[in-house]
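Working through the structure, step by step
Here's the letter readout for the chains.
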Amino acid sequence: DAGVIQSPRHEVTEMGQEVTLRCKPISGHDYLFWYRQTMMRGLELLIYFNNNVPIDDSGMPEDRFSAKMPNASFSTLKIQPSEPRDSAVYFCASSPDDGELFFGEGSRLTVL
Amino acid sequence: RKEVEQDPGPFNVPEGATVAFNCTYSNSASQSFFWYRQDCRKEPKLLMSVYSSGNEDGRFTAQLNRASQYISLLIRDSKLSDSATYLCVVNPRRNAGNMLTFGGGTRLMVKP
């Protein structure tokens, strides 16, 4: 079975550019999460969805960040405009109701 | 105070050694607890859940102490392949679905 699929795996962009990260969760999982990981702050929850509905976006750092889940098989995390401090690994994860998170391989973002 | 705190390490141990990590959490109402493992430049993966009565999976033993609000992970007979970062994970709120909070991780390096 395919796991959580994220794209792109790596992105290098310049400050001010728009960045869009994509995620396909595991089929049948009701929850989808976006996390950000840095050396300084570890893994931080940005936002999560239940049945395509955003439930808690309190971790989204500022208005430059937005996330959507138009259907059960696709989600995007967008940063506009991007800044160097947004450089991190962004993980998407999905979960059924039993609590285990299944992570994608991550999108490594570098903003110059 | 962070919701979930861990000693970042690294813990450097020889093969065959026994090593233990602790993790403390701040919310006494926390409901569920896990240990995840993250290899270098990879995504986190569930290692084991932590039950109130303690649980064992092969060389790994997890324990929960609600009174003192800490979780432990014991690894016996360490293998080179155990080298990784171990993340303590807590569900900090009631009725929060699967909203998990990750500690910063403890890095383990097992040497020949």
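Here's what I pulled together on the structure shown here. (Residues numbered from 1 in each chain as written. Chains lettered and ligands numbered in written order. Predicted model: local features only at pLDDT ≥ 70, side-chain atom pairs only at ≥ 80, totals over all residues. Heavy atoms only, no water.)

Some remarks on unusual backbone geometry
- A cis amide bond links A:Gln80 with the next residue in sequence, A:Pro81, at an omega value of -5°.
- Inspection of the secondary structure assignment puts A:Pro81 in the loop between β8 (74-79) and β9 (88-95).
- For the bond from B:Gly9 to B:Pro10, the omega torsion is 10°, close enough to zero to count as cis.
- Summarising the element assignment, B:Pro10 is placed in the loop between β1 (4-6) and β2 (11-14).
- In this model, A:Asn52 sits at a positive phi of 75°, which is unusual for a non-glycine residue.
- Within the fold, A:Asn52 resides in the loop between β5 (42-50) and β6 (53-56).
- Residue classification places A:Asn52 among the partly exposed residues on the basis of a relative accessible area of 27%. (Helix = DSSP H or I, 4+ residues; strand = E, 2+ residues; numbered from the N terminus. Buried < 20%, exposed > 50% of the residue type's maximum accessible area, 1.4 Å probe, protein only.)

Examining the pattern of salt bridges
- Scanning the entire structure with this criterion turns up 13 salt bridges over all chains.
- Note that A:Asp86 and A:Arg64 form a salt bridge whose closest N and O atoms lie 2.7 Å from each other. Pair noted here: A:Asp86 is in the loop between β8 and β9 and A:Arg64 is in the loop between β6 and β7 (65-71), with a separation of 22 residues, a long-range link.
- Of the charged contacts in the structure, one is a salt bridge between B:Asp39 and B:Arg37, with a shortest N-O distance of 2.8 Å.
- Among the charged side chains, a salt-bridge network with shared partners connects A:Glu62, A:Arg64, A:Glu83, A:Arg85 and A:Asp86. (Salt bridge = Lys/Arg side-chain N within 4 Å of Asp/Glu carboxyl O.)

Interpretation note: all reported values are geometric properties and have no functional meaning in isolation.
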